[in-house]
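# Summary of structural features
Below are the chains, spelled out letter by letter.
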Amino acid sequence: MLIAKDDELDYLFKVIDVRQDLFIKQFGKIGEGPCELNPNSITSKSGANGELIGIFEMQTREFQEFSLENILESEGDPPCIPFQGKFDFESRLIYKLEGNKFIGTPSGDKLYALLLGNKVGQAIGKFPFYDQFEEVDPKNLDMAFQNQLILHPTKPLALGTSVFSFNMDILELENEDQLTIKKSLHFWPPEFEASTEPDKFYANLKKENRFGNVSTSVSENFIYVLYSDQPWEYQFPLKSNQVLVYDWDGNSVKILELDQEVSMIAVNEDDEYLIGYMDDGKANLYRFELD
C-alpha cells in the first residue's frame, strides 16, 4: 500500500494499492475537529510493527495516530488515537519511536532530540561540517541543511539526512532511554548565503548548490537515496535516475540506474520494488522492480 499526501482536497492522504494500480480510499479529514488534520502535518509509521500511522501537526504541535487496519476497513472516517498534551519546544519534525518516546529536530545547535512524552530528555549531534559555520546562527543553518528524519519500519532506528546537501546520520535508541549516533556519513555541506541581520533568519541557496539527496526512502534492510550531484542552477523539479543503496550500518551496497528520471521515491518494506514520482504537473507514478 502506498500512502500519498494530497492537501488540495478535503482529505490529506490517499491510500493506493500499488500492485493493482488501484485507489483504495482517502483519510485524514482536513479541519480542526476531533481526528481532523492540518495540511501542515508530517507522517510516518509507528507502533511495534509499523501498524499505525503517526501524524505530527506542526501548527498545533500535537501528535495523533491512526490504525492502518481501521483506515482500510472503516466505511467512514477512521477513529484516531490522540497523544495527550502538546509538545512544548520548537521542532519542525517529531516522530514516535515507541511507547512515550519520540524523536525530533530541535531548534538550536543540536540536530536531534529524544523526547520523553512532550519533554526533551536528550539532545545530540552537530550540523555536518560545523567548524565551517561557527559564525552562522543555528537557525540559519537549520534552514540551509533542512534536516529530515526517516524511521526504520519496525526497529528503534532512524535516519537523519539533509535535504539541501548530502549527509546522513544513522540513529539508534539504546537501552530504551539513550539516543546515539550509530554511524555518520558526511559528504558535503550546502552552498548558501545566510542572514547577517539580528533576529532575521534565512538561508538563500546558491545556484551552484548540489543537493545530493533528491529523495530518500527506507525499507527493513536498506536505505535508498535518489541521488544527483549536479549544480542546481535554479532548475525545477529536481530529478534523477540514479539511486544509491546503503544498509542500516551505513555501508554502501549498490547503485541502481532507473530507466526513467523521477523526483521522489518510495520503497516497499520487502525491497520488491521502488515507486517513483515525477513532479511535472501531472500525476506520474512509476514502478521499478528490484532484483
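As a starting point, this report considers the structure included with it. Just so you know, these numbers come straight off a predicted model, no measurement behind them.

Criteria and cut-off values
Residues numbered from 1 in each chain as written. Predicted model: local features only at pLDDT ≥ 70, side-chain atom pairs only at ≥ 80, totals over all residues. Heavy atoms only, no water. Helix = DSSP H or I, 4+ residues; strand = E, 2+ residues; numbered from the N terminus. Rg over C-alpha atoms; globule rule 2.2 N^0.38 Å. Buried < 20%, exposed > 50% of the residue type's maximum accessible area, 1.4 Å probe, protein only. Contact = heavy atoms within 4.5 Å. Lys, Arg positive; Asp, Glu negative; His and termini not counted. Charge placed at Lys NZ, Arg CZ, Asp CG, Glu CD. Pairing = 2+ DSSP bridges. Axes fitted to C-alpha atoms, helices over the stretch in contact; angles between N-to-C directions. Salt bridge = Lys/Arg side-chain N within 4 Å of Asp/Glu carboxyl O. Polar contact = N/O pair within 3.5 Å; in protein donor to acceptor, adjacent residues only side chain to side chain. Patch = residues over 30% accessible without salt bridge, like charges linked within 9 Å, V, L, I, M, F, W, Y side chains within 5 Å. Areas by Shrake-Rupley, 256 points an atom, 1.4 Å probe, with all protein chains shown as cover.

### Observations concerning the overall build of the chain
Regarding its fold elements, the chain presents 2 helices and 24 strands. Here the chain has a C-alpha radius of gyration of 19 Å; the compact-globule value for 291 residues is 19 Å, and the two agree. Principal-axis analysis of the C-alpha atoms gives the chain an extent of 55 × 45 × 35 Å. Relative to its 291 residues, the chain shows a buried fraction of 47%. In the chain, of all internal contacts separated by at least 6 residues, the share reaching a separation of at least 24 is 42%. Of the charged side chains in the chain, 26 are positive and 51 negative; the average position of the first set lies 2 Å away from that of the second.

### Remarks on the sheet that holds strand E20 (residues 240-247)
Read across the open sheet, the 4 strands follow the order E18-E19-E20-E21; overall the sheet is antiparallel. For this open sheet the edge positions go to strand E18 (212-218) and strand E21 (252-262), each flanked by a neighbour on one side alone. Along the sheet, successive strands turn relative to each other by an average axial angle of 25 degrees, direction set aside. The pairing of strand E19 (residues 222-228) with E20 spans 6 bridges and is classified as antiparallel. If you follow Ile223 over to E20, its bridge partner there is Tyr246.

### Focus: unusual backbone geometry
With an omega of -10 degrees, the peptide bond running from Phe236 to Pro237 counts as cis. One non-glycine residue, Tyr234, lies in positive phi territory at about 60 degrees. Looking at the secondary structure, you find Tyr234 in the loop between E19 and E20. What makes Tyr234 partly exposed here is its relative accessible area of 46%.

### Examining the side chain of Asp271
Looking at where Asp271 falls in the secondary structure, it is placed in the loop between strand E22 (264-267) and strand E23 (273-279). It turns out Asp271 is buried and unbridged, and the closest side chain with the opposite charge, Lys254, is 7.8 Å from it. At 2.6 Å, the side chain of Asp271 and the side chain of Tyr224 are in polar contact. Those residues in contact with Asp271, other than ones at most four positions away along the chain, are Ser219, Asn221, Phe222, Tyr224 and Leu290.

### Notes on a nonpolar patch on the surface
Taken together, the side chains of Met1, Leu22, Ile24 and Leu72 make up a nonpolar region of the molecular surface, amounting to roughly 330 Å² of accessible area. Looking at the secondary structure, you find Ile24 in strand E3 (residues 22-29). A relative accessible area of 32% places Ile24 in the partly exposed class.

### Digging into the sheet that holds strand E12 (residues 147-151)
Pairing in this open sheet of 4 strands is antiparallel, and the strands run E12-E13-E14-E15 from one edge to the other. Every interior strand has two partners, whereas the edge strands, E12 and strand E15 (178-188), have only one. Averaged over neighbouring strand pairs, the angle between their axes works out to 20 degrees when direction is ignored. With 5 bridges connecting them, E12 and strand E13 (residues 157-162) associate as antiparallel partners. In the sheet register, Leu149 faces E13, and the bridge partner there is Gly160.

### Some details on the pattern of salt bridges
What the rule picks out here adds up to 6 salt bridges. In this structure, Lys200 and Glu197 form a salt bridge, with 3.4 Å as the shortest nitrogen-oxygen distance. Residue Lys200 is classed as partly exposed on the basis of its relative accessible area of 44%.

### Considerations on helix H2 (residues 138-145)
Looking at H2, one finds that the buried residues are Asn140, Leu141, Asp142, Ala144 and Phe145. Taken together, the buried residues of H2 touch strand E8 (91-98), E12, E13, strand E14 (166-174), strand E16 (192-194) and strand E17 (203-205). At the N-terminal end of H2, a side-chain oxygen is found 2.8 Å from the backbone nitrogen of Lys139, two or three residues along, and the residue is Asp137. Gln146, located one to two residues past H2, shows a positive phi value of around 50 degrees.

### Some thoughts on the pairing of strand E6 (residues 62-67)
Residues in a regular strand point their side chains to alternate faces of the sheet. For E6, the buried fraction is high: 5 of the 6 residues fall into the buried class. Taken together, strand E5 (residues 52-57) and the strand that follows it, E6, pair antiparallel across an intervening segment of 4 residues, in which Arg61 is found at a positive phi of about 60 degrees. Where E6 meets strand E7 (residues 80-82), 3 bridges bridge the pair, whose relative direction is antiparallel. Directly across from Gln64, in E7, lies its bridge partner Pro82.

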